[in-house]
Amino acid sequence: MKPKVAFFDFASCEGCQLAVLNCEDILLDILGLVDIVEFREAMSETAPRFDVAFIEGSINREQDAERLRDIRARSTYLVAMGACACIGNVQARSNFIAPAENFQRVYGVEDRNMVQTDPEFWPLWAHTRVRAVKEIVPVDFELRGCPLVPEEFVHLVKALVTGATPRFSTQAVCVECKMNENECVYDQGETCMGQITRGGCKAICITNGYRCDGCRGILPHANLAAHHGLLQSKGLSEPQITNRYRLFCSAESLGRVGRTGHDK
Amino acid sequence: MSAFFVHKEAVTQWIRHLARSNTVYFPQRAGQSGFRFKPVKETTEIQFDRYQPTLAPPGKKLAPAEEPLFRYRKQGDAAPELVPILDQSPRILAGVRPCDLKGIHLMDRANREGHGDPHYLTRRTHTILIAHDCLQPCDDSCFCDAVGSLGWRDNADLFLTSLEDHILIEVRTGPGETLIQGMNFPVCTDVAAVKSRAEAQRAQPFGRQFHADLARIPAIIASQWQAPVWEKQVERCFSCGSCNLVCPTCYCFDVHDDFDLTDPNAGQRTRTWDGCMLPQFAEVAGGHNFRPNPAARQRHRVKRKFEYLTERFAEGSFCTGCGRCGRQCTTDIDIFNIVNDLIDHAEANS
Amino acid sequence: MSATPHASDPAIDPALYLPRMARILEVTPLTAREKYFKVELPEPLGHRPGQFVMLSLLGVGEAPISISCGPRADNMLEMVIRDAGSLTHVLHGLKPGQQVGVRGPFGSGFNLDDFYGKQVLCVVGGLGLVPMRSLIQPILAQLDRFASLTIISGCRSPAEELYRDEVRAWERLGQETGKVRVIRLVDRTQNLPWDGQVGLVTAPLSSLPIDPAQTVVALCGPPVMYKFVLLELTARGLSHAQIFVDLERRMKCGVGKCGHCQINHVYCCQEGPVFRFDQIAHLPEALQ
Amino acid sequence: MTNNAKTYTIDVHHVTRVEGHGNIRINTRDGVVEDVKLCIVEANRFFESFTRGMTPHEIPWVVGRICGICCVGHQLSATKAVEDAQGIAVSPQTVLLRKMLNESQFLQSHVLHVYFLAVPDFVGAPSVIPLIKTHPEVVKRALRLKKLANDYTEVMGGRTIHPMSNTLKGWRRLPDLERLEQVRNRLAAAVPDLLETVGIVKTLKIPGYERETEFVSLKHPDEYALYEGDVFSSDSKSSVPVSAYRSVTNEFTVAHSTTKWSRWHRDAYAVGALARVNNNFDQLHPEAKSVAETLGLKVPCYNPYMNNVAQVVEIVHCAYNSLAMMETVLNGGLQEEDIHHTAQAGRGFGAVEVPRGILFHEYAFDEAGRCCDANAIIPTSQNVNNIEQDMKAFVPLMLPEMSQEELTLHMEMLLRAYDPCISCSVHMLNIDFVA
Ligand SMILES: Cc1cc2nc3c(=O)[nH]c(=O)nc-3n(C[C@H](O)[C@H](O)[C@H](O)COP(=O)(O)OP(=O)(O)OC[C@H]3O[C@@H](n4cnc5c(N)ncnc54)[C@H](O)[C@@H]3O)c2cc1C
Ligand code: SF4
Ligand code: SF4
Ligand code: SF4
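Anyway, here's the lowdown on the structure attached to this text. (Residues numbered from 1 in each chain as written. Chains lettered and ligands numbered in written order. Predicted model: local features only at pLDDT ≥ 70, side-chain atom pairs only at ≥ 80, totals over all residues. Heavy atoms only, no water.)

## As for the overall build of chain C
Turning to step 1, where the next piece is worked out: Across its full length, chain C carries four helices and 15 strands.
Turning to step 2, where the next piece is worked out: The principal-axis extent of the C-alpha atoms belonging to chain C is close to 80 × 45 × 35 Å.
Turning to step 3, where the next piece is worked out: Expressed as a percentage of the 288 residues in chain C, the buried residues total 58%.
Turning to step 4, where the next piece is worked out: For chain C, the proportion of contacts with a sequence separation of at least 24, taken over those separated by at least 6, is 70%.
Turning to step 5, where the next piece is worked out: Total accessible area on chain C stands at roughly 11100 Å², and carbon and sulfur atoms take up 52% of it.
Turning to step 6, where the next piece is worked out: Here chain C holds 28 positive side-chain charges and 28 negative ones, and the gap between their average locations is 3 Å. (Helix = DSSP H or I, 4+ residues; strand = E, 2+ residues; numbered from the N terminus. Buried < 20%, exposed > 50% of the residue type's maximum accessible area, 1.4 Å probe, protein only. Contact = heavy atoms within 4.5 Å. Areas by Shrake-Rupley, 256 points an atom, 1.4 Å probe, with all protein chains shown as cover. Lys, Arg positive; Asp, Glu negative; His and termini not counted. Charge placed at Lys NZ, Arg CZ, Asp CG, Glu CD.)

What follows is the structure, encoded as structure tokens:
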């Protein structure tokens, strides 16, 4: 029996679903291994139950959390797909800003006043807080990265089919940087999050001339004190450092690095 | 064997010439500060003078970051078809410096011991080494002289020494000889004289030196199991493994299987670089980790280079002093400093 | 001109990493987490007690697994596998008739010469019984060549007991011959029926009727066990040279190349996994 | 039973095969349309709020995350806005590379939309998956084209989604010319596939509903505007500079509104492929023009369902135009450029055409060079008003002829024809009015 697979999206750019659709040369082979029973971005069908639910996006509202719990109840395995689902991604930066402030900045004072005085709107903004999927329901596997790494998606699908345990890197991005023989970002006078970031992306950003901004989240064993000190020694100010730590891995770095609470 | 004294320009032409019918790797500029061993093309700049150790040592061409061990195809009840993947493509590594030359020698030893590793050794027999001497330290991170790599030339097929605008080419092996056949290079009549002129130009002292004789270092380090140096030196360590992966004498690996999407009955077993500084390196099923903290891992790495493998293979040092690990460590942990700290600590407490 | 290669290296064995195929003959659950496997190889394995094989499934992976049977002339290989991860989980789903890959045997193993004529004491914890059986079987097969055999076998609860019937058969053999003693322990009965003792494997050691001068010990169990058993044995006056330990480390190749199994300067897969303890007692990482 | 007696409540939750979440709700009573609403139910992500504090370099990289489908467009529009704010002028080489990067995404996005999201409707399939069995050649061809377009993006940008090579002042790592040459050769060889595409689209039965509207797009004196130009209106027949974009979008909130609406010269306007083809038809590549003719697209065209055809026309245009640009790069080579820049204070504006229409970005930076104000207006939010107007106009026409199912399908098709990208809904109030 081919496993029944479904895709669901929450607050995200839907780039991870697209990354799956972008596996053009192997898409048909993957469809030979699994049955896709729900994939809103690409098809109209829906299904009551599935073996594997892929969840894309962060959970920002209670109504989304409810929908997620329902999906969890209907699936055997649940996979968090992409940085939004795994760690909250860039939008989790808004957790450090007061909700009313967020609202005003995007919609202006008038709209903010309107929604603040009309109770019908309250649940929609007052409770907005960006959460990773694992903050709400148990997650079996994580496909990290912004966007996810197609090779890891394929690896996971294969493992699900054979019954093997999928293996994802728990090593720093530096490992893959060395495998690619990249020049270290620090040797170019820049700073990098690679040393404390989970690998698995083949250090693609550095390989293409950029630095690592940590989209795959902070390693469990990360030496944050050392990294913070290193950034300081390279001349970054405290606000600059905070900004860097919160670029992608905000939710995961909550309480681990930098200040917490609301910034002005 | 024979020796030639050739103008640099002609040597450059010769390397380009070799590259037309062979894969020739030569250190080439990469990025703002680094060099890489990359295949020589028509447009490649071949120069021997301005050298920085490459990001990865040339020996890694013999043990790539990821390499298939074998391919398989299951065939129902019958035994599966298994095909080992041995890379027999010929290659020439040119511009290899003494530290890396010794690194390859040490890799040869480790890979030939006991069960010989067929993948490394097959590549090795198909590799020709054109080495080049160093008369000046490449930068202030290296310490090749301190670990006895500087004079290394044993496993070179051809050994080159630059002297002003000429290069002395010493032929050391049969395969080396074939590379200069038909070149009509001017024969060097007095090798000893050229060498002593070169020797006179060699920097003194050459690069960083330890606070103790190399011969005493294994015993000193052995006595320092509990030294506070370990903890102090790794406070800043990220356990990123960079120091392992760029080292010319690190060869540990991990293994994994993968089947083909197009045919789930076929696939391959692959090995990838691993390193003892990485946190899960010594973790076993059930979660027990035999080296759970960075200090224990760092101690293992240093002792491998200066004590364990040194004794196992009766080599002066398994560290070649190339300085890569210190250069690549973003938090400036340098094996040279660790060893010196240990020596100092041992002296202070004896 | 094209470069001529160096002369071929006699150390090259192209098949070093290729598994031989074996067919599963029997799979029997021993506990909730462990299954017994009997597989048939194309030719006899030719192993010593205490050696291990690299067991693999193509497309899934490879792992070191102890040989659980004594040396034998036929093509059989017996193993006990705990569902502990990727490969072992898939192995648990296999049925007789299916194929597995085997490389080996690897490692040092026990040398029976060290045990002949001695009072043999085997101390095992949990899965340690699995490799120890490869030593116990040949001893039982030629009991007259040994002074006695004492087996102290502990596990966490009655539900985790391995080779339940076989161990009791050894016990009965002891009653018949008077040469074999089996002490079975559990840490806790967890309210299950239990006909053995309750406690740690170290408990019976202090009062065990053995002659320290005539005793040789074989020890295998989880990492925490060694330290305490060794303390007890030393207290009984045994020297390190009389004790053989069977250690576990992470292994990826089995042939001394991948570097994972190093204990200080020693390669566990080459010089081990069985060591005479005096040869490694000075290694700080040996019993971590 | 007279048609006039129809009383429907059509309520499509989370319309499928579009980017992001949107609901359609239509109430009719006794054949009279009481209410048509398009509800955007995507959760807020507050990009314009949390970008504050970021450096100029980080902005384009991060705001690309507004949308994975239009990530290149967001990145390029933001890059232009930040460069404007930072007083950076870029070289012709960089402009050329950015145009290529942008067109690579046009190719990818249009192919995805036409084949995977729209075609199933026309052949009555719920998704592309059944088509693998019934129309394997079509699916394989589509996959081949999409792969080619993706490889093109990857060569230009480093990866297909959220590429990292482009930055302020130029390219961090220039595209590899060998790989570009391979893509060029494959693209040249793909022209037959493209023409096949045209053939297939020709067989599709496109609903014939029309409503005159205002078309807004970039316009450039020298070329079919996709990367640069002023903002042009088909109503006023004139342009305003990008910096005056607020006078174009005029975002406003209406009492029953589900989103922020836009309007310029009349109650609503449309952006996207159809708007561009209408506004800039003369500058299309000749091959694209002839394809438009083959497919019966004559400007001005007021049938929104024809947007899919306009997309095919643009696929052809981008293919030929890209081949020409690749030729330029391959012949002239590429020069490394200095991309160092020290952040400074300033405000700037940027706009590019993305597959779904015109995309505006605006940023301001404080004295420390940190972002202090941000605004992005995406094509779909500009289109939403127009889509609702279309629905209001078409439902009464369709009602007498169609069953509820057909009507629902036609409404979904209409929405999908606009290729809405709701994920990017930076400016959409997330209010679901469905009780
Ligand atoms: C000499 C020897 C003999 C053994 N004998 C037996 C035996 O008889 N029976 C038995 O059941 N077991 C035995 N084992 C243990 C057995 O080898 C492990 O349980 C087995 O390796 C698990 O493999 P797996 O693929 O199922 O688990 P894996 O999926 O490999 O994972 C199990 C655990 O191993 C670690 N791990 C392994 N590889 C990696 C990696 N690449 N990255 C991160 N973590 C990793 C992790 O801690 C993980 O939790 C023996 C081990 C040795 C060394
Ligand atoms: S290099 Fe860093 S930012 Fe880039 S994909 Fe990898 S983890 Fe993400
Ligand atoms: S330990 Fe460091 S200095 Fe020594 S050989 Fe390895 S990388 Fe070079
Ligand atoms: S010593 Fe440096 S390079 Fe090595 S693991 Fe630690 S931080 Fe990484």
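## Some thoughts on the site of ligand 4
Turning to step 1, where the next piece is worked out: Lining the immediate environment of ligand 4, one finds Cys237(B), Phe238(B), Ser239(B), Cys240(B), Gly241(B), Ser242(B), Cys243(B), Met277(B), Gln298(B), Cys329(B), Thr331(B) and Ile333(B).
Turning to step 2, where the next piece is worked out: When grouped by side-chain class, the residues that make up the shell around ligand 4 number seven nonpolar, five polar and no charged. (Near = heavy atom within 4 Å. Nonpolar A, V, L, I, M, F, W, Y, C, P; charged D, E, K, R; others polar.)

## Some details on the environment of Pro53(B)
All names here are of chain B.
Turning to step 1, where the next piece is worked out: Counting through the fold element by element, proline 53 comes out in the loop between β3 (34-39) and β4 (66-75).
Turning to step 2, where the next piece is worked out: For proline 53 and alanine 79, which are 26 residues apart along the polypeptide, the C-alpha to C-alpha distance reads 48 Å.
Turning to step 3, where the next piece is worked out: Not counting residues within four places of it along the chain, the set of residues in contact with proline 53 comprises Cys138, Cys322, Arg324 and Arg327.

## Quick notes on the interface of chain A and chain B
Turning to step 1, where the next piece is worked out: Contacts between the two partners involve 28 residues from chain A, matched on the other side by 34 residues from chain B.
Turning to step 2, where the next piece is worked out: Surface buried jointly by chain A and chain B totals about 2700 Å² across both partners, of which 60% is contributed by carbon and sulfur atoms.
Turning to step 3, where the next piece is worked out: Taken together, the connections running from chain A to chain B amount to two salt bridges.
Turning to step 4, where the next piece is worked out: Residues Lys61(B) and Glu181(A) are paired through a salt bridge, measuring 3.8 Å at the closest nitrogen-oxygen approach.
Turning to step 5, where the next piece is worked out: Put simply, the parts of the chain that give the side of chain A that touches chain B at least two residues each are α2 (24-33), α7 (150-162), α8 (173-179) and α10 (224-233) of chain A.
Turning to step 6, where the next piece is worked out: Its residues assigned to classes, the side of chain A that touches chain B comprises 13 nonpolar, nine polar and six charged. (Buried area = accessible area lost by both parts, 1.4 Å probe. Salt bridge = Lys/Arg side-chain N within 4 Å of Asp/Glu carboxyl O.)

## What to know about helix α2 (residues 129-141) of chain C
Residues and elements named next belong to chain C.
Turning to step 1, where the next piece is worked out: With 13 residues, α2 extends 17 Å from end C-alpha to end C-alpha; this agrees with the ideal 18 Å at 1.5 Å per step.
Turning to step 2, where the next piece is worked out: When the local axis directions of α2 are compared, the greatest deviation, roughly 25°, occurs at leucine 135, which is followed within four positions by the proline proline 138.
Turning to step 3, where the next piece is worked out: For α2, the buried fraction is high: eleven of the 13 residues fall into the buried class.
Turning to step 4, where the next piece is worked out: Within α2, burial applies to Leu129, Val130, Pro131, Met132, Arg133, Ser134, Leu135, Ile136, Pro138, Ile139 and Leu140. (Expected span 1.5 Å × (residues − 1). Bend = angle between axes of the 7 residues up to and from the residue.)

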